[in-house]
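# Fold and geometry: a report
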Amino acid sequence: MALQACTDHPSETVSSDIPVLKERGQREVFCGLTGIVWLHRKMQDAFFLVVGSRTCAHLIQSAAGVMIFAEPRFGTAILGERDLAGLADANEELERVVEELLVRRPDINTLFLVGSCPSEVIKLDLAKAAEKLNHRHFPKTRVLNYSGSGIETTFTQGEDACLGSMVPVLPSKETDEPALMVVGSLADVVEDQFQRLFNQMGIGPVSFFPPRRAADLPSVGKGTKLLVAQPFLSETVRLLIARGAKLLPSPYPFGIEGTTAWLKTAAEAWEVDSEKFEAVIAPAVARANTGLERYRQELSGRKAFLFPDSQLEIPLARFLSRECGMELVEVGTPYIDRLLMDHEIALLPQGTALSEGQDVEKQLDRCRSARPDITVCGLGLANPLEAEGMATKWSIELVFSPLHGYDQAADLAELFTRSLERRKRLTV
Ligand code: SF4
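What counts and what doesn't
Residues numbered from 1 in each chain as written. Predicted model: local features only at pLDDT ≥ 70, side-chain atom pairs only at ≥ 80, totals over all residues. Heavy atoms only, no water. Helix = DSSP H or I, 4+ residues; strand = E, 2+ residues; numbered from the N terminus. Rg over C-alpha atoms; globule rule 2.2 N^0.38 Å. Buried < 20%, exposed > 50% of the residue type's maximum accessible area, 1.4 Å probe, protein only. Contact = heavy atoms within 4.5 Å. Areas by Shrake-Rupley, 256 points an atom, 1.4 Å probe, with all protein chains shown as cover. Lys, Arg positive; Asp, Glu negative; His and termini not counted. Charge placed at Lys NZ, Arg CZ, Asp CG, Glu CD. Near = heavy atom within 4 Å. Nonpolar A, V, L, I, M, F, W, Y, C, P; charged D, E, K, R; others polar. Salt bridge = Lys/Arg side-chain N within 4 Å of Asp/Glu carboxyl O. Pairing = 2+ DSSP bridges. Axes fitted to C-alpha atoms, helices over the stretch in contact; angles between N-to-C directions. pLDDT = per-residue confidence, 0-100. Phe/Tyr/Trp six-rings, centres within 6.5 Å; stacked < 30°, edge-to-face > 60°.

### Regarding the overall build of the protein
Regarding its fold elements, the protein presents 17 helices and 15 strands. Here the C-alpha atoms of the protein give a radius of gyration of 22 Å, agreeing with the 22 Å that 2.2 N^0.38 yields for 428 residues. With the C-alpha coordinates aligned to their principal axes, the bounding extent of the protein is approximately 60 × 55 × 40 Å. Among the 428 residues that make up the protein, the fraction classed as buried is 56%. Pairs at least 24 apart in sequence give 73% of the contacts found in the protein among residues at least 6 apart. In the form shown here, the protein has an accessible surface area of approximately 18200 Å², with 53% of it arising from carbon and sulfur atoms. Side chains of the protein give 46 positive and 58 negative charges; the mean places of these two sets differ by 2 Å.

Spelled out as structure tokens, the structure:
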């Protein structure tokens, strides 16, 4: 959590004519270390070693919950006082810890050294450490480095930093033939659903980044077309573009409309004719519409307030307003990257109150005075707001659950109705 002087900048205009309230002040968000919780599940042969303090270890343990008992593929090399006093010691200690780890866990294919606030403050050069260790252990184990610190990253930006660290080691594509790369970690089941739809449309070859095994890195180069599945991958997308890939800008695959627009973007790049496209998506769209109907009825006409947390807020707000009929009181997001967000912002209803950054007390005041039906926020705010009589939805669940694609559209809406249902049931 960072404390900064409160300075409100009046407003700035993004695309269309939606004004953005820019705020800087006290923030209530996770740092990028939390990305490890879902990234280690995605890449089954990778290990994440946080170089940080006990605070960092506690954070990961509480975010990962019960997963810590299942021999996880993450851990913390805790910087002790001796390390903090002398950098030479810290470097030696780190090397020793890594050697021990690799002996104990020979199945590790890729080891990420993850920087934290303490390692950054004492200027521990993890990039150099990773290079040295990589030299020693590659090809058996590749050692990479990125920062998940609260100074540099907010929550999902940790995934961006992690994927960004992998881009330079992706193999170069040998031909200029078109190939689709889906960027952003998706649950395996969602990946399989998309793969089937792409196959039926004749779109391919398709690779997913990150891959299920860190050893199976997709190649990149001229002809690679990027279809981005998560809106928080600013750095990764720019690095991939620098390696010759081309971005296919699109809304994100949340809800029926978002998924159709996303698939259509790829279909157009592969010149799939529209009849074929419609025929392929029709059964899934019909299923999703049926599934969504009952939640639509429940959410329609209700007011939503979204606090900034994950970068998913704008696509989710678009889904809640256009597909569930909700009224958007305020849509907060940690930052807006025009390259990745313009297509989503254009779909928000005119007049939506967008805010970027946070000054939590002021935002809480706005939330209280609006009395929304549902407030989407982090765990730190959820219980206090519930105690004030407001229904909340924990935003972290939106990152951990498989919610992309047609077959998950109803699950996504259900997450928002759940807290309303609970309140109804508990009211006597
Ligand atoms: S990286 Fe920084 S913000 Fe994150 S847990 Fe460690 S000390 Fe806290």
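### Structural notes on the site of the ligand
Near the ligand, the surroundings consist of C31, L33, C56, L59, S116, C117, P118, S149 and G150. At the level of elements, α2 (54-64) and α5 (117-121) are the ones that each hand at least two residues to the shell around the ligand. A per-class count over the shell around the ligand returns six nonpolar, three polar and no charged.

### Remarks on the pattern of salt bridges
Taken as a whole and assessed by the stated rule, the structure comprises 27 salt bridges. E99 serves as the salt-bridge partner of R136, at 2.6 Å between the closest nitrogen and oxygen. Here E99 lies in helix α4 (residues 87-104) and R136 lies in helix α6 (residues 126-137), a separation of 37 residues in the sequence. Classification of R136 by relative accessible area gives partly exposed; the value is 43%. On the basis of relative accessible area, E99 is assigned to the partly exposed category, the value being 25%.

### Examining the sheet that holds strand β10 (residues 246-247)
The strand order across the open sheet formed by four strands is β8-β7-β9-β10, and the pairing between neighbours is parallel. Sheet topology places β8 (206-209) and β10 at the edges, where each strand pairs with a single neighbour. As defined by bridge partners, strand β7 (residues 179-183) adjoins β8 across four bridges and the pair is classed as parallel. By the bridge assignment, L180 is partnered in β8 with V206. Across the sheet, helix α8 (residues 188-201) touches β7, β8 and β9 (224-228), and the angle it forms with β8 is around 160°. Here helix α9 (residues 234-242) sits on the sheet and contacts β7, β8, β9 and β10; the angle it forms with β9, its principal contact strand, is near 170°.

### Overview of the environment of H40
Mapped onto the elements of the fold, H40 is located in helix α1 (residues 35-42). Residues H40 and R73, 33 residues apart in the sequence, show an inter-C-alpha distance of 6.3 Å.

### Focus on the side chain of H137
Considering the arrangement of structural elements, one finds H137 in helix α6. H137 sits in the buried class, given a relative accessible area of 16%. Discounting residues that sit within four places of it in the chain, H137 has contacts with E99 and L102.

### Quick look at the environment of F416
Along the chain, F416 turns up in helix α17 (residues 409-426). Sequence spacing of F416 and P205 is 211 residues, and the spatial spacing of their C-alpha atoms is 36 Å. Not counting residues within four places of it along the chain, the set of residues in contact with F416 comprises L299, L316, L320, I374, V376, K393 and L398.

### Things to note about the confidence of the model for the protein
Chain-level statistics for the protein give a pLDDT mean of 90 and a share of 93% at 70 or above. Note that pLDDT drops below 50 for residues 1-13; the model gives that stretch 33 contacts with residues more than four away or on any other chain.

### Some words on the sheet that holds strand β5 (residues 110-115)
Overall, parallel pairing links the four strands, which are arranged β4-β3-β5-β6 in an open sheet. Unpaired on one side and paired on the other, β4 (74-78) and β6 (142-147) mark the two borders of the sheet. Across the sheet, the mean angle from the axis of one strand to that of its neighbour is 25°, orientation sign disregarded. Here six bridges tie β5 to β6, and the two strands are oriented parallel to one another. The residue of β6 that forms the bridge with G115 is S147. Its contacts with the sheet place α1 against β3 (46-52), β4, β5 and β6, and it is angled at close to 160° to β3. Relative to the sheet, helix α7 (residues 157-166) contacts β3, β5 and β6, its axis offset from that of β6 by approximately 140°.

### A few points about the packing of aromatic side chains
Under the defined criterion, the tally for this structure stands at eight aromatic pairs. Judged by centre distance (5.3 Å) and plane angle (50°), the ring pair of F30 and F155 falls under tilted. On the criterion of sequence distance, the pair formed by F30 in the loop between β2 (19-24) and α1 and F155 in the loop between β6 and α7 is long-range, its members being 125 residues apart. Residue class for F155 comes out buried when judged on its relative accessible area of 0%. Seen in terms of ring centroids, F194 and W262 are 4.6 Å apart; in terms of plane orientation they differ by 45°. Their pairing is tilted. Separated by 68 residues along the polypeptide, F194 in helix α8 and W262 in helix α10 (residues 255-269) bring together distant segments of the chain.

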